[in-house]
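# Summary of structural features
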Amino acid sequence: MKRYGFFIWGDFLKKLFVIISTVTIFSCGYVLHMSYSLSGAAAWSLIVSSVNSSPWELVKPFVIVYIMWCFVEMSVLRPSLLHFVCTKILSLHMFTIASTSILCFIQDEMVSIGLIFLILFIAQVLAYFMYRSECRYELFFVPIMVSFAVLFACILFCSFYPPQFLHFYDKGRMTYGLLL
């Protein structure tokens, strides 16, 4: 079967989708990261934005955009749904754990943002590598979804009621979570 213009271009875009995804997630995540201060501490920005400089709060906006971007990937790439969802959630956990753990030891916010971009790119490559592998991640669908529900609960509540862990500690203000 012969391929015509659009299909060749579509295959080319699918090969570049890791880079497109990383740049898009990072750009939108950075906008959300800045939205708390830019909106004048609006109520909506408390949930989606960084309310302080703790490792968790720096990573949270990128995690939210990562989750939303998965819907775009599903509509563009048309993958096997269950396998794709499991691999994306696992790579999301890798991104969240790696970036918050590394950022616990970094003081400079711009270095932290650069590291987030690098770890995000690695997570995206890992997600596509896992998707193309023969490993059947969908066998662990229930525990993967439970872990995703816990992560989603952390997104909603850990800005307001953070546990007293290093990942939630803002070294600049010497506090946990949001000070109202």
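Overview of the structure. (Residues numbered from 1 in each chain as written. Predicted model: local features only at pLDDT ≥ 70, side-chain atom pairs only at ≥ 80, totals over all residues. Heavy atoms only, no water.)

## Some thoughts on the nonpolar core
Counted only if it meets this: Definition used in this section: a nonpolar core is a set of buried Ala, Val, Leu, Ile, Met, Phe, Trp, Tyr and Cys residues joined via side-chain atoms within 4.5 Å. Each residue is placed in one exposure class: buried if its accessible area under a 1.4 Å probe, protein chains only, is under 20% of its type's maximum, exposed if it is over 50%, and partly exposed if it falls in between. Residue contacts are defined here by distance: any two heavy atoms, one from each residue, within 4.5 Å place the two residues in contact.
Counting 37 residues, the largest nonpolar core has Val-63, Tyr-66, Leu-92, Phe-95 and Ile-116 as its most contacted members. In contact with Ile-116, not counting residues within four places along its chain, are Leu-58, Val-59, Phe-62, Phe-95 and Leu-103.

## Section: the packing of aromatic side chains
Short version of the rule: Aromatic rings from Phe, Tyr and Trp, with only the six-membered ring used for Trp, were paired whenever their centres fell within 6.5 Å, and each pair was classed as stacked if the ring planes differed by under 30 degrees, edge-to-face if by over 60, and tilted otherwise. Secondary structure counts use DSSP, requiring at least four H or I residues in a row for a helix and at least two E residues in a row for a strand, with both numbered from the N terminus. Counted as over-ring charges are cases with an Arg CZ or a Lys NZ within 6 Å of the ring centre that also lie within 35 degrees of the ring normal.
Counted under the stated rule, the structure contains nine aromatic pairs. Look at Phe-26 and Phe-62: their rings are 5.5 Å apart centre to centre, the planes differ by 20 degrees, and that puts the pair in the stacked class. One end of the pair, Phe-26, is in helix α2 (residues 17-38); the other, Phe-62, is in helix α4 (residues 55-77), and 36 residues separate them in sequence. Taken together, Phe-26, Tyr-30, Phe-62 and Phe-117 form an aromatic cluster joined through their ring pairs. We note Lys-88 situated over the ring of Tyr-128; from NZ or CZ to the ring centre the distance is 5.2 Å.

## Here we look at the packing of α4 against helix α7 (residues 141-157)
The relative placement of two packed helices comes down to the angle between their axes together with the axis-to-axis distance. Just so we agree on the cut-off: Comment: axis = line fitted to C-alpha atoms, over the contacting stretch for helices; angle = value between 0 and 180 degrees taken between N-to-C directions. We call two directions roughly parallel when the angle between them is under 35 degrees, roughly antiparallel when it is over 145, roughly perpendicular when it lies between 65 and 115, and oblique otherwise. The handedness criterion is simple: a crossing whose near helix is rotated anticlockwise from the far helix by less than a right angle is left-handed, and one whose near helix is rotated clockwise is right-handed. Under the convention adopted here, Pro, Cys and the residues Ala, Val, Leu, Ile, Met, Phe, Trp and Tyr are nonpolar, Asp, Glu, Lys and Arg are charged, and Gly plus all remaining residues are polar.
Remark: α4 packs on α7, axes separated minimally by 10 Å, with the N-to-C direction vectors making an angle of 125 degrees. The angle between α4 and α7 places the two elements in the oblique class. Crossing of α4 over α7 shows left-handed handedness. The segment α4 lies against α7, with Trp-56, Lys-60, Val-63, Ile-64 and Ile-67 engaging Phe-148, Leu-151, Cys-154 and Ile-155. Looking at the contact of α4 with α7, its residues break down into eight nonpolar, no polar and one charged.

## Some thoughts on the pattern of salt bridges
Heads up, the condition is: In the sections that follow, a salt bridge refers to a side-chain nitrogen of Lys or Arg positioned within 4 Å of a carboxyl oxygen of Asp or Glu.
Following the criterion strictly, the structure yields four salt bridges and no others. In this structure, Arg-136 engages Glu-138 in a salt bridge whose closest nitrogen and oxygen atoms are separated by 3.8 Å. Arg-173 is the partner of Asp-170 in a salt bridge, and the nearest nitrogen-oxygen pair spans 3.7 Å. On the basis of relative accessible area, Arg-173 is assigned to the partly exposed category, the value being 38%.

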